[in-house]
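If you want the building blocks of each chain, they are given just below.
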Amino acid sequence: MSNRIIYVSRNCPHCKKLLIGIHKYEFLRPQFKIVDVGTQQYPDYIKSVPTLVNGQNMIKGDDVFGFMNHMVEQIFNQNPALKEKYHPQQGQQGQQGQQ
């Protein structure tokens, strides 16, 4: 289990967008524990959603999306075949530009 916890609410449109992204990139799912603040207990220090707690760091709001984007890019850089699986058009466009 990861030490990364994302606190979300079903009533938050930004949280819904974040969850859609996590489900789109299935390799992200095991990287996070997701806590719905509407149905699960959460710490008093969580004041807004989405909030990502990564070890001792707390990332809030739009910064969560930046963290996720950076994480996806790192994973894609380490595994180009995975990037091709999720973004096949980008790989083909890059090859056409080299011809």
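Residues numbered from 1 in each chain as written. Predicted model: local features only at pLDDT ≥ 70, side-chain atom pairs only at ≥ 80, totals over all residues. Heavy atoms only, no water.

A short note on the nonpolar core
Argument step 1. Membership of the largest hydrophobic core comes to 21 residues, with the highest contact counts inside it found for Ile-6, Phe-27, Leu-28 and Met-68.
Argument step 2. Put simply, the parts of the chain that give this core at least two residues each are strand S1 (4-8), helix H1 (13-24), helix H2 (62-78) and helix H3 (80-86).
Argument step 3. Broken down by element, the residue count for this core peaks at seven residues, all from H2.
Argument step 4. In contact with Phe-27, not counting residues within four places along its chain, are Val-72, Ile-75, Phe-76, Leu-82 and Tyr-86. (Core = buried A, V, L, I, M, F, W, Y, C linked by side-chain atoms within 4.5 Å. Buried < 20%, exposed > 50% of the residue type's maximum accessible area, 1.4 Å probe, protein only. Helix = DSSP H or I, 4+ residues; strand = E, 2+ residues; numbered from the N terminus. Contact = heavy atoms within 4.5 Å.)

Some details on the side chain of His-87
Argument step 1. As for its placement among the helices and strands, His-87 is situated in the loop between H3 and helix H4 (88-98).
Argument step 2. At 2.8 Å, the side chain of His-87 forms a polar contact with the side chain of Tyr-25.
Argument step 3. Apart from residues no more than four positions distant in its own chain, His-87 is found in contact with Lys-24, Tyr-25 and Phe-76. (Polar contact = N/O pair within 3.5 Å; in protein donor to acceptor, adjacent residues only side chain to side chain.)

A word on the confidence of the model for the protein chain
Argument step 1. Considering every residue of the protein chain, the mean pLDDT works out to 89; 88% of them sit at 70 or more.
Argument step 2. Across the protein chain, element-level confidence peaks in S1 with a mean pLDDT of 97 and bottoms out in H4 with 55.
Argument step 3. Per-residue pLDDT stays below 50 along residues 94-99; that stretch engages in zero contacts with residues further than four places along the chain or on separate chains. (pLDDT = per-residue confidence, 0-100.)

Some points on H1
For the α-helix, the turn length of 3.6 residues means that residues three or four positions removed from each other point alike.
Argument step 1. In this model, H1 (twelve residues) spans 17 Å end to end at C-alpha, consistent with the 16 Å of a helix rising 1.5 Å per residue.
Argument step 2. Every buried residue of H1 is listed here: Cys-15, Leu-18 and Ile-22. What you see down the axis of H1 is that its buried residues fit within an arc of 60°, all on one side. With respect to the buried face of H1, the exposed residues turned more than 90 degrees away are Pro-13, Lys-17 and Ile-20. (Expected span 1.5 Å × (residues − 1). Arc of directions from axis to C-beta.)

Let's talk about the sheet that holds strand S3 (residues 51-54)
Argument step 1. Spatially, four strands are ordered S2-S1-S3-S4 in an open sheet, and the strand pairing comes out mixed. At either end of the open sheet lies a strand with only one pairing partner, and these are strand S2 (33-36) and strand S4 (57-60). When the angles between neighbouring strand axes are averaged without regard to direction, this sheet yields 20°.
Argument step 2. Examined bridge by bridge, S1 and S3 share four bridges and lie antiparallel to one another. From the neighbouring strand, Ile-5 faces S3, where its bridge partner is Val-53.
Argument step 3. Of the strands in this sheet, S1 and S2 touch H1, which is tilted by about 140° from S1.
Argument step 4. Relative to the sheet, H2 contacts S1, S3 and S4, its axis offset from that of S4 by approximately 110°. (Pairing = 2+ DSSP bridges. Axes fitted to C-alpha atoms, helices over the stretch in contact; angles between N-to-C directions.)

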